[in-house]
Amino acid sequence: MNSPLVSLLRLVLCSFLFRVPIRRETMAATEIARQAGEGARAVPLAGHVGFDSMPDQLVNKSVSHGFCFNILCVGETGLGKSTLMDTLFNTKFEGEPMQHNQPGVQLKSNTYELQESNVRLKLNVVNTVGFGDQINKEDSYKPIVEFIDTQFEAYLQEELKIKRTLHSYHDTRIHTCLYFISPTGHSLKSLDLVTMKKLDSKVNIIPIIAKSDAISKSELTKFKIKITSELVSNGVQIYQFPTDDETVAEINSTMNGHLPFAVVGSTEEVKIGNKMVRARQYPWGTVQVENENHCDFVKLREMLIRVNMEDLREQTHTRHYELYRRCKLEEMGFKDTDPDSKPFSLQETYEAKRNEFMGELQKKEEEMRQMFVQRVKEKEAELKEAEKELHEKFDRLKKLHQDEKKKLEDKKKSLDDELNTFKQKKTAAELLQSQAQQAGGSTTLKRDKERKNFF
């Protein structure tokens, strides 16, 4: 009873109990280990040892650490993204009201701690505020791509640290992107095609038709076919539920044919018969959220949360993050093999890149030094030219000052001469006047004497 088959069955049982399906990578690793061990000697056990409890240990460790799951909701304003998140996790996520008057797209992230039974989940919901609100929607996808790359870069930096703490690191890499499609009933918008094309290599995209109760069933069927056709013709790779795992192959294969899911979200409860159900009431009737005849909400919840959540996490790490990591390391010059197909040494790569960097640094330093010397020379020439101009200006002003001074001295001398001449003339006039006064006095006395003698 202690055979490897029993251990595998125990793992399957634990996976079923905790809703964590065994992934194809785990089974592939088991098969590789089995093949690698074929060359080893098989030794029978004389009794129970206890390493068959490793699956239980793994489950207990995972449960004690808890899990994280990050969802990116992309879609135009008013498609019910927040309502669908509340409906999916059967709760009310409190959040601040979002303003939709920004000039560009902004990403708002909210983290919540959830617990179901003894399993804890750290849920991170990222909303694209203002997506599709702008007149010019050409660059609407860029903030989303930059946000996803930023999360990859943060994880890569944590991996490259000397002292890593990945066991306690809050992983913010986006595990799935729920892309909300407007229920037009015609075809995908150019904005949707461009955005999904830019995101398909960075995140697991699950397209959903939001507010699918806005169109009839026949129109909805045609709309699904049209969307699938456009995605294929434009080369957009959406997430396909895995079918190579026997435990979920049948249901995933069936659900792949239902993509994109047509969903309706609601947190309001309505009494239908003798039970309360989540639904949307209209004058013409009631749309039940969890009724598969009305919408695909149950299918979405089953595939996203109950069956393929772990696969979405693994696909994010093994496919999208590895692609980003490989591209980044190749940009830095790291490769697995050299041109001769020999194993590439990390130390040699580091030394080569360091020498290359130091060479470029020295080259830039020399260029900057030469540029500095050149600029100093140019500045000295400018200063000398300015000094020369100042000297010339000073000489001109000095000469002008001397000329003005000479003119003033000449004018002063002229004025002094005029003043002396005026004084001489004044003295002569005063002398003549006094003489005239004396002569006039003697004449008057003579006349008086003559007059007296006459009488």
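Data block above holds the structure.
Rules used in this analysis
- Residues numbered from 1 in each chain as written.
- Predicted model: local features only at pLDDT ≥ 70, side-chain atom pairs only at ≥ 80, totals over all residues.
- Heavy atoms only, no water.
- Helix = DSSP H or I, 4+ residues; strand = E, 2+ residues; numbered from the N terminus.
- Buried < 20%, exposed > 50% of the residue type's maximum accessible area, 1.4 Å probe, protein only.
- Contact = heavy atoms within 4.5 Å.
- Salt bridge = Lys/Arg side-chain N within 4 Å of Asp/Glu carboxyl O.
- Pairing = 2+ DSSP bridges.
- Axes fitted to C-alpha atoms, helices over the stretch in contact; angles between N-to-C directions.
- Phe/Tyr/Trp six-rings, centres within 6.5 Å; stacked < 30°, edge-to-face > 60°.
- Lys NZ or Arg CZ within 6 Å of the ring centre and 35° of its normal.
- Polar contact = N/O pair within 3.5 Å; in protein donor to acceptor, adjacent residues only side chain to side chain.
- Patch = residues over 30% accessible without salt bridge, like charges linked within 9 Å, V, L, I, M, F, W, Y side chains within 5 Å.
- Areas by Shrake-Rupley, 256 points an atom, 1.4 Å probe, with all protein chains shown as cover.
- Lys, Arg positive; Asp, Glu negative; His and termini not counted.
- Charge placed at Lys NZ, Arg CZ, Asp CG, Glu CD.
- Core = buried A, V, L, I, M, F, W, Y, C linked by side-chain atoms within 4.5 Å.

### Some details on the overall build of the protein
Moving on, step 1. Scanning the protein from N- to C-terminus turns up 11 helices and nine strands.
Moving on, step 2. A burial count over the protein gives 32% of its 455 residues as buried.
Moving on, step 3. Restricting to contacts in the protein with at least 6 residues of sequence separation, those with at least 24 account for 69%.

### Things to note about the pattern of salt bridges
Moving on, step 1. Taken as a whole, this structure holds 18 salt bridges when the rule is applied.
Moving on, step 2. The salt bridge involving Glu158 is made with Lys161; its shortest N-O contact spans 3.1 Å.
Moving on, step 3. With a shortest N-O distance of 3.8 Å, Glu159 and Arg325 are connected by a salt bridge. Placement of Glu159 in helix α5 (residues 142-159) and of Arg325 in helix α10 (residues 309-331) is noted, with a sequence separation of 166 residues between them.
Moving on, step 4. By relative accessible area, Glu159 is classed as buried at 19%.

### Overview of the sheet that holds strand β8 (residues 275-282)
Moving on, step 1. Strand order in the open sheet formed by three strands is β7-β8-β9, with antiparallel pairing between adjacent strands. Unpaired on one side and paired on the other, β7 (269-272) and β9 (285-288) mark the two borders of the sheet. Strand-to-strand twist of the sheet, defined as the mean angle between neighbouring strand axes without regard to direction, takes the value 65°.
Moving on, step 2. Strand direction decides the pairing type here: β8 and β9, joined by four bridges, are antiparallel. Considered in β9, the bridge of Tyr282 is made with Gly285.

### A word on the packing of aromatic side chains
Moving on, step 1. Across all of its chains, the model carries 10 aromatic pairs by this definition.
Moving on, step 2. Pairing Phe152 with Tyr321 gives two aromatic rings, centres 6.0 Å apart and planes at 55°, and the pair type is tilted. Of this pair, Phe152 sits in helix α5 while Tyr321 sits in helix α10, and the two are 169 residues apart along the sequence.
Moving on, step 3. Plain terms: the ring middles of Phe241 and Phe261 are 6.1 Å apart, the flat faces sit at 25° to each other, and that makes the pair stacked. Within this pair, whereas Phe241 is found in the loop between α7 (217-233) and α8 (249-256), its partner Phe261 is found in strand β6 (residues 261-262), the two being separated by 20 residues in sequence. Note on accessibility: Phe241 and Phe261 belong to one class, buried.
Moving on, step 4. Three or more aromatic residues link up through ring pairs in this structure, and these residues are Phe152, Tyr155, Tyr169, Tyr321 and Tyr324.
Moving on, step 5. The ring of Tyr155 carries the charged tip of Arg173 above its face, separated from the ring centre by 3.7 Å.
Moving on, step 6. One Lys or Arg, Arg173, reaches over the ring of Tyr321 and ends 4.9 Å from the middle of that ring.

### Thoughts on the side chain of Asn70
Moving on, step 1. With respect to the helices and strands, the residue Asn70 is situated in strand β1 (residues 67-74).
Moving on, step 2. Asn70 gets classed as buried once you look at its relative accessible area, which sits at 1%.
Moving on, step 3. At 2.9 Å, the side chain of Asn70 forms a polar contact with the backbone oxygen of Asp171.
Moving on, step 4. Of note is the side chain of Asn70, whose polar atom sits 2.7 Å from the backbone oxygen of Arg173.
Moving on, step 5. Apart from the residues within four sequence positions on either side, Asn70 is in contact with Asn124, Asp171, Thr172, Arg173, Ile174, His175 and Thr176.

### Some remarks on a negative patch on the surface
Moving on, step 1. Negative charge collects at one region of the surface, where Glu385, Glu389, Glu392 and Asp395 lie side by side.
Moving on, step 2. The residue Glu385 is located in helix α11 (residues 346-454) in this model.
Moving on, step 3. For Glu385, a relative accessible area of 43% corresponds to the partly exposed category.

### As for a nonpolar patch on the surface
Moving on, step 1. Together, Leu45, Val49, Phe51 and Met54 make up a nonpolar patch on the protein surface, roughly 430 Å² of accessible area in all.
Moving on, step 2. Residue position: Met54 is located in helix α3 (residues 54-65).

### Topic: the environment of Leu304
Moving on, step 1. Examined against the element boundaries, Leu304 turns out to sit in helix α9 (residues 297-307).
Moving on, step 2. For Leu304, a relative accessible area of 0% corresponds to the buried category.
Moving on, step 3. Separated by 216 residues in sequence, Leu304 and Leu88 place their C-alpha atoms 9.5 Å apart.
Moving on, step 4. In contact with Leu304, not counting residues within four places along its chain, are Phe69, Leu88, Thr176, Leu178, Ile206, Met309 and Leu312.

### Observations concerning the sheet that holds strand β4 (residues 176-181)
Moving on, step 1. One open sheet holds the six strands; their spatial order is β2-β3-β1-β4-β5-β6, and the pairing between them is mixed. Taken across any chain shown, the strands that pair with only one partner, and hence form the sheet edges, are β2 (106-116) and β6.
Moving on, step 2. Here 11 bridges tie β2 to strand β3 (residues 119-129), and the two strands are oriented antiparallel to one another. Residue pairing in the sheet places Tyr112 in a bridge with Leu123 of β3.

### A look at the side chain of Asn256
Moving on, step 1. Relative to the elements of secondary structure, Asn256 occurs in helix α8.
Moving on, step 2. Since its relative accessible area comes to 17%, Asn256 is described here as buried.
Moving on, step 3. Within polar-contact distance, the side chain of Asn256 engages the backbone nitrogen of Phe241 at 2.9 Å.
Moving on, step 4. Beyond its immediate chain neighbours, meaning those up to four positions away, Asn256 contacts Gln240, Phe241 and Thr243.

### Structural notes on the nonpolar core
Moving on, step 1. Leu88, Leu178, Ile206, Ile208, Phe261 and Leu300 are the most contacted members of the largest nonpolar core, which totals 71 residues.
Moving on, step 2. Examining the composition of this core, we find that seven residues originate from one element, α5, more than from any other.

### Remarks on the pairing of β8
Moving on, step 1. The sheet contact formed by β7 and β8 spans four bridges and is antiparallel. Bridge pairing in β8 places Val270 opposite Val277.
Moving on, step 2. If you look at the hairpin formed by β7 and β8, you'll find two residues sitting between the two strands, and Gly273 has a positive phi there, around 70°.
Moving on, step 3. Between the antiparallel neighbours β8 and β9 lie two residues.

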